[in-house]
Amino acid sequence: MAEQTRSDGLIFYVNGEKVIYADAQGTGHIVDGYRTFCERLAEVKDQTTQRFCGERMTWISPGSLNELLQLKADYPQAPLVRATPKHRPRYEVKGIFHPVIISPTQVSELFKVTQKPEGVCVGAGCSMSFLKSVLERSINDFPPESTHMFRALLQKIKACGRDNRSENVAWLWTKEERDRHHAFRHAPRRESALATVNAGMRVWFNENSNVVKEISIYYGGVGATILSADRACQQIVGRPWEEGNIKVMCTARWLMRSNLGRCHSGGYTPKDAECNSTSLKKYTSPGYQEFQNVLEGQSAQDPVGRPMMHRTALSQATGEAVYCDDLPQTDGELFLVIVTSSRPHAKITHIDFSEALKLPGVVDVITAKDIPGKRIRTFTGYDEELLAEDEVTCVGQMVCAVVAESKAHAKRGAAVVKISYEDLQDRIFTVEEAIEKESFFLPRRQIERGDVEKGLREAEQVYEGEIRIGGQEHFYLETQSFLVIQIGEEKEMKVYLSTQHPAFTQEAVAETLGIPSNRVSCHVKRLGGAFGGKVTKTAILASITAVAASKTGRPVRCVLERGEDMLITGGRHPVWGIYKVGFMKDGRITAADFQYYANAGNVVDESVLVAEKILLHLDNAYNIPNLRGRSAACKTNLPSNTAFRGFGVPQCMLVVESMIDDVALKLGRLPEEIREINMYKEVSLTHYKMEFDPENLVRCWNECMKKADFRQRRQGIDLFNQQNQFKKRGIAIVPIKYGIGFAEAFLNQAAALVHIYKDGSVLVSHGGTEMGQGIHTKVSQVASRELNIPTSLIHISETSTQCVPNTCPSAASFGTDANGMAVKDACQILYNRLEPIRKKNPKGTWQNWIITAFLQKISLSATGYYRGHDLDMDWEKQEGKPYAYFTYAVGCSEVELDCLTGEYRTLRTDIVVDIGRSINPSIDIGQIEGAFMQGLGLYTMEELKFSPSGVLYTRGPSQYKIPSFCDVPLKFNVYLLAGSSNPHAIYSSKGIGEPTVFLGSSVFFAIKDAVTAARKDAGLTGPFQLNSPATPERACLACATHFTQMVAQSESTSGPAQPWALNI
């Protein structure tokens, strides 16, 4: 029988095992299935043309330059691929298919380096790291006066990345001393990011003069091809290199950053040339971490309070940790790919999947009509369709799913499904459009204390302002993943998945299939991150996968690609915050009125709950006597947003702190002074009448001011800013008071099951899911203390609805609080059962006691239960106790800002956090640092961009940038507040997962502080709007240097240009 071939991506399989390729003579060869083309090509010694033939695609690797040129002539549309990550977005996100791909990796001319007296020729195939070594060697080989270009290029290579390739075969010419070169590169992130814009400049001066003889300036990234600044160059030639002439080149404001200011003894030297010519600092200093010691007299065996390593850290670091998609393929397994809507608002007139069913490997197509049970999920009173049937309300809404023998076949089938639409005109994308058309998810909430109108009237000054906070993608490392297996004869389903809420998924799958929940078991080993994004949409995706498994009678796997995940699942809510504040000349705020509009997307999801939590944190750390807040979840035609670490609080508090900053700017005072004046200082009531003691909040503030040496550094920053024109430093300190727990009381309960086996080993099951936050490690510490045994005897296998039913989500920073108490309860029950045996044999070992208990017929299994706090919030009365307690923290950050480009570097961050008595300081500090970095991304880097028709542009790591190692503060210090306790949680600890996300805003406000200094130089004072994220573009424009003021507004004879992206 002839072997059947199939193609998965760029690897071709035979019977799922082998790869076939054909050489120039058409001879077939077989290599192992896991080997990539690039690995195989690297082993080819002869320079003959290699051909890989798949079902639809041919991959050709020519052996010579002439063959390459001939192939390009024969296949002009075929791309040249070097197998670098930069090509992935175009192929995967944009969905471009090329039947022929040319890989020139065997063309030796593209990898040659030729050195001659006039310069060095470098082939396009050379890697950046190789080019870097060539440049370093050439700097030593050529005379110093001839190496300016080498040095300029080397500087940029060090900044832009490691594994990229040269773009062209290029000569790097050497010139004499009066020839100067400079390169510029700006990217969303300093490392591992494609440039937004880049430029190169060469200037040649007349001999013994600062008069420009020749100048060339080229830009990349601002058009389809490289652009030459010809007009600017023409105006510079023949002029002396002086500030007045440089200003002519307003299109090249980066020029002032170059070393050219000092390039000639007769040349122009700006006031801060030395500073402007150097890059922002990038070398880290050792950070410092400080936490409480364990209580005096605590047993050395007791692990609670000790900095233990995450229990699976080593297996995760080595890649041995098993995630959902690591589960081995089962017999007959199929793969499912979701087909999504391409219209933002339209009626579905027809779904034609006949062509998909004709394709090899495609087994079936799942539509809403195939769902045997409920076709909707109801959340907070609103219904959401699992698969759209009659109407779609956003681009990315799930319409149907293709099930096939492999992922490649399923993707191919999904691509040919034809959905016919009838567009509906009432499309809403922005909150302004939602407000205009009164498109909201109800209820809209309001809360107030005091008399706001009176407070505003009696205030000495009143100011109105606003700020916009962009959305944020969860960007968990593991995308949404599922494996559903139908077992048994009674429609039983085993669901292996990555979710924060297994019981919610169990219920959804059961209702979708029309079977009892006891037929469905959900299993979660671990999650590769979640941050709130693996609850609601996860349950829907699992239900669709379960329908496919039920209909086909075969196991079905579904793993979303990054672009699919970002398109379908939504993220953090973009928020527009508007405020009106009344204050006195001494800085006291007498009244504040806030209005929040959150862009919820096309379905409600958890948006109403997010809007409520925004209002509950309206006061942050400030005792404002007259306070009012209103919030609305706006219904739009974008993919629905959902829970995200902080659940609306990071957006809420940025608006509050922006108000504080504006008050300071209006009064001409420092923001930290206004914060300190208005902070809670004694036992108080929140605006919802919950009593609390802010003593530890004040302690955190004072400790952070002291640890950060804030006042002395503020003086040093002021001096730095006086001495530097185009680089400014800023510093900011912000507090947070964060409520822990669910306002919905039933979500605070937890259960656990603990087994002790005859060899003394212990198996613990609880309702919390391990998503990197260390809940299993902390629970092991709890069990170790309660059973008085080492953690090495304790194992936690997975979270399963078979072991612990009716669990609550691992969210709201309450996972350890609830599940730790449930495990503690179960362990205490077991330990008490063993008490008679321990008394009878006090010198016996744990293993002896367990064997004895078994022989005496004492049960060695117990369930534990924790009822949780009775929390509630009455929105009619505007009062309640929605939180068990508060976690307090204060963060201080200092940045250095390049005013000409808007790029910044976080020089130092100090954080002081009150988390009671930490169960595991290592894990808690890791959570603090990770949350801070996620907040830094939210407030300064991460941008979601939608097209004017509602299509998400940013679908992958090349378009959407999260913080990397290069963005970590150069000095990062974390202090856990000493002498703190908390009677409301297990072992006097506190929840820490979410609160410190907001402390990332200290970097935002430090950038704003630096911008304020730049604006002062430009003669601008008073409040100004800086929206979040504070990207380099926004920071640069806000600085209002004379260069930004010289940028002319674009003129168009055909009217205003259509914006390329929505302002959501």
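In this text the structure is predicted, and so the values were computed from the model without any measurement. (Residues numbered from 1 in each chain as written. Predicted model: local features only at pLDDT ≥ 70, side-chain atom pairs only at ≥ 80, totals over all residues. Heavy atoms only, no water.)

A closer look at the overall build of the protein
Helix and strand counts for the protein stand at 29 helices and 45 strands. Intrachain contacts of the protein at a sequence separation of at least 6 include 76% that bridge at least 24 residues. For the protein, the exposed area adds up to about 43,900 Å²; of that, 50% sits on carbon and sulfur atoms. (Helix = DSSP H or I, 4+ residues; strand = E, 2+ residues; numbered from the N terminus. Contact = heavy atoms within 4.5 Å. Areas by Shrake-Rupley, 256 points an atom, 1.4 Å probe, with all protein chains shown as cover.)

So, unusual backbone geometry
Between Leu442 and the following residue, Pro443, the backbone shows a cis peptide bond with an omega angle of 5°. Within the element layout of this structure, Pro443 appears in strand E24 (residues 440–449). In the segment running from Ser1028 into Pro1029, the intervening peptide bond is cis, with an omega of 5°. Inspection of the secondary structure assignment puts Pro1029 in the loop between helix H27 (1001–1017) and helix H28 (1032–1039). At Ser813, a position not held by glycine, the phi torsion is positive, near 60°. Position of Ser813 among the secondary structure elements: in the loop between strand E39 (799–800) and helix H23 (815–833). The exposure class of Ser813 is buried, given its relative accessible area of 14%. (Buried < 20%, exposed > 50% of the residue type's maximum accessible area, 1.4 Å probe, protein only.)

Looking at the nonpolar core
Within the largest apolar cluster, 146 residues are counted, with the highest numbers of intra-cluster contacts made by Phe594, Tyr596, Met659, Val762, Val764 and Trp846. Aside from chain neighbours lying at most four places away, what touches Phe594 is Ile578, Tyr579, Leu618, Leu627, Arg628, Gly629, Arg630, Val655, Val656 and Met659. Core analysis: the second largest hydrophobic core is formed by 38 residues, Ile338, Ile366, Val509 and Val520 among them. (Core = buried A, V, L, I, M, F, W, Y, C linked by side-chain atoms within 4.5 Å.)

Points about the sheet that holds strand E36 (residues 750–756)
If you walk across this open sheet you meet the four strands as E38-E37-E36-E40, and the pairing is mixed. Each of the sheet's edge strands pairs with one partner strand only, and the pair in question is strand E38 (794–795) and strand E40 (861–866). Note that E36 and strand E37 (residues 762–766) share five bridges and pair antiparallel. Note on E37: the bridge partner recorded for Val754 is Val764. The strands that helix H22 (residues 775–787) touches are E37 and E38; relative to E37, the one it contacts most, it runs at about 125°. (Pairing = 2+ DSSP bridges. Axes fitted to C-alpha atoms, helices over the stretch in contact; angles between N-to-C directions.)

Some points on the packing of aromatic side chains
Counted according to the given criterion, the structure contains 16 aromatic pairs. Centre to centre, the rings of Tyr579 and Phe594 are 6.4 Å apart; their planes meet at 45°, and the pair counts as tilted. Of this pair, Tyr579 sits in strand E30 (residues 575–583) while Phe594 sits in strand E31 (residues 589–601), and the two are 15 residues apart along the sequence. A relative accessible area of 0% means that Phe594 is categorised as buried. Look at Tyr680 and Phe692: their rings are 4.9 Å apart centre to centre, the planes differ by 85°, and that puts the pair in the edge-to-face class. (Phe/Tyr/Trp six-rings, centres within 6.5 Å; stacked < 30°, edge-to-face > 60°.)

Here's the deal with the pattern of salt bridges
In this structure the tally under the stated criterion is 47 salt bridges. Between Lys707 and Glu290 there is a salt bridge whose closest N-O contact spans 3.5 Å. Of this pair, Lys707 sits in helix H20 (residues 695–707) while Glu290 sits in strand E15 (residues 288–290), and the two are 417 residues apart along the sequence. Here Glu290 falls in the partly exposed class, since its relative accessible area comes to 25%. With a closest N to O distance of 3.7 Å, Lys1008 and Asp662 form a salt bridge. Of the two residues, Lys1008 is situated in helix H27 and Asp662 in helix H18 (residues 649–667); the sequence distance between them amounts to 346 residues. In terms of burial, Lys1008 and Asp662 fall into one category: buried. Here the residues in one salt-bridge network are Glu448, Glu453, Asp593, Arg628 and Arg630, joined through shared partners. (Salt bridge = Lys/Arg side-chain N within 4 Å of Asp/Glu carboxyl O.)

Some words on the environment of Thr340
Among the structural elements, Thr340 can be located in strand E16 (residues 334–340). The spatial distance from the C-alpha of Thr340 to the C-alpha of Ile419 is 9.5 Å, given a sequence separation of 79 residues. If near-sequence neighbours (up to four positions away) are discounted, Thr340 is found in contact with Gly396, Gln397, Met398, Val399, Ile419, Tyr421, Leu567 and Ile568.

Details of the packing of helix H14 (residues 502–513) against helix H15 (residues 536–552)
Viewed as axis vectors pointing N to C, H14 and H15 meet at an angle of 40°, and their least axial separation amounts to 8 Å. Classified by the angle their axes make, H14 and H15 are oblique. Where H14 crosses over H15, the handedness of that crossing is right-handed. Residues Phe504, Thr505, Ala508, Val509, Thr512 and Leu513 of H14 touch H15, and the partners they reach there are Thr536, Ala539, Ala542, Ser543, Ala546, Val547 and Ser550. Here the residues of the contact of H14 with H15 sort into eight nonpolar, five polar and no charged. (Parallel < 35°, antiparallel > 145°, perpendicular 65-115°, else oblique. Left-handed = near helix turned anticlockwise from the far one by under 90°. Nonpolar A, V, L, I, M, F, W, Y, C, P; charged D, E, K, R; others polar.)

Focus on a nonpolar patch on the surface
Side chains of Ile851, Phe854 and Leu855 sit close together on the surface and give an oily, nonpolar patch of about 310 Å² of accessible area. Inspection of the secondary structure assignment puts Phe854 in helix H25 (residues 846–855). Taking relative accessible area as the criterion, Phe854 reaches 44% and is therefore assigned partly exposed. (Patch = residues over 30% accessible without salt bridge, like charges linked within 9 Å, V, L, I, M, F, W, Y side chains within 5 Å.)

A look at the pairing of E37
Both faces of the sheet carry side chains from a regular strand, because those side chains alternate between them. Burial runs high along E37: four of the five residues are buried. What sits between the antiparallel neighbours E36 and E37 is a turn of five residues, in which Gly760 has the positive phi angle 90°. Note: E37 against E38, two bridges, orientation parallel. Looking at E38, one finds that Val762 is bridged to Ile794.

Regarding the side chain of Lys737
Considering the arrangement of structural elements, one finds Lys737 in strand E35 (residues 727–740). Overall, Lys737 belongs to the buried group, its relative accessible area being 1%. If sequence neighbours within four positions are ignored, Lys737 has contacts with His617, Asp619, Asn620, Met653, Tyr680, Thr686, Phe692, Phe886, Thr887 and Tyr888.

Observations regarding the state of the cysteines
Across all of its chains, the model carries zero disulfides by this definition. The thiol of Cys126 is not disulfide-bonded; the next cysteine sulfur, from Cys121, is found 9.1 Å away. Judged by relative accessible area, which is 3%, Cys126 ranks as buried. (Disulfide = S-S within 2.5 Å.)

Description of the sheet that holds strand E18 (residues 362–366)
Spatially, eight strands are ordered E18-E22-E16-E29-E26-E27-E28-E39 in an open sheet, and the strand pairing comes out mixed. Of all the strands in the sheet, just E18 and E39 have a single pairing partner and so form its edges. As paired elements, E16 and strand E29 (residues 556–559) share two bridges and run parallel to each other. In the sheet register, Phe335 faces E29, and the bridge partner there is Arg557. Along the sheet, H14 contacts strand E27 (492–497), strand E28 (520–524) and E39; its crossing angle with E28, the most-contacted strand, is approximately 145°.

Comments concerning the environment of Gln500
Along the chain, Gln500 falls in the loop between E27 and H14. Gln500 sits 33 residues away from Gly533 along the chain, and the two C-alpha atoms are 8.4 Å apart. Those residues in contact with Gln500 that sit more than four places away from it in its chain are Leu527, Ala530, Phe531, Gly532, Gly533, Lys534, Val535, Thr769, Met771, Pro809, Ser810 and Ala811.

Digging into the environment of Ile915
Structurally, Ile915 can be placed in the loop between strand E44 (904–914) and helix H26 (921–940). The exposure class assigned to Ile915 is buried, which follows from its relative accessible area of 1%. Residues Ile915 and Leu977, 62 residues apart in the sequence, show an inter-C-alpha distance of 7.2 Å. Residues in contact with Ile915, not counting those within four places in the same chain, are Thr887, Asp924, Leu976, Ser988, Ser989, Lys990 and Ile992.

Quick notes on the confidence of the model for the protein
Taken as a whole, the protein shows an average pLDDT of 89; of its residues, 87% reach a score of 70 or greater. Contacts for the low-pLDDT stretch residues 84–90, under 50 throughout, to residues beyond four places or in other chains number 12 contacts. (pLDDT = per-residue confidence, 0-100.)

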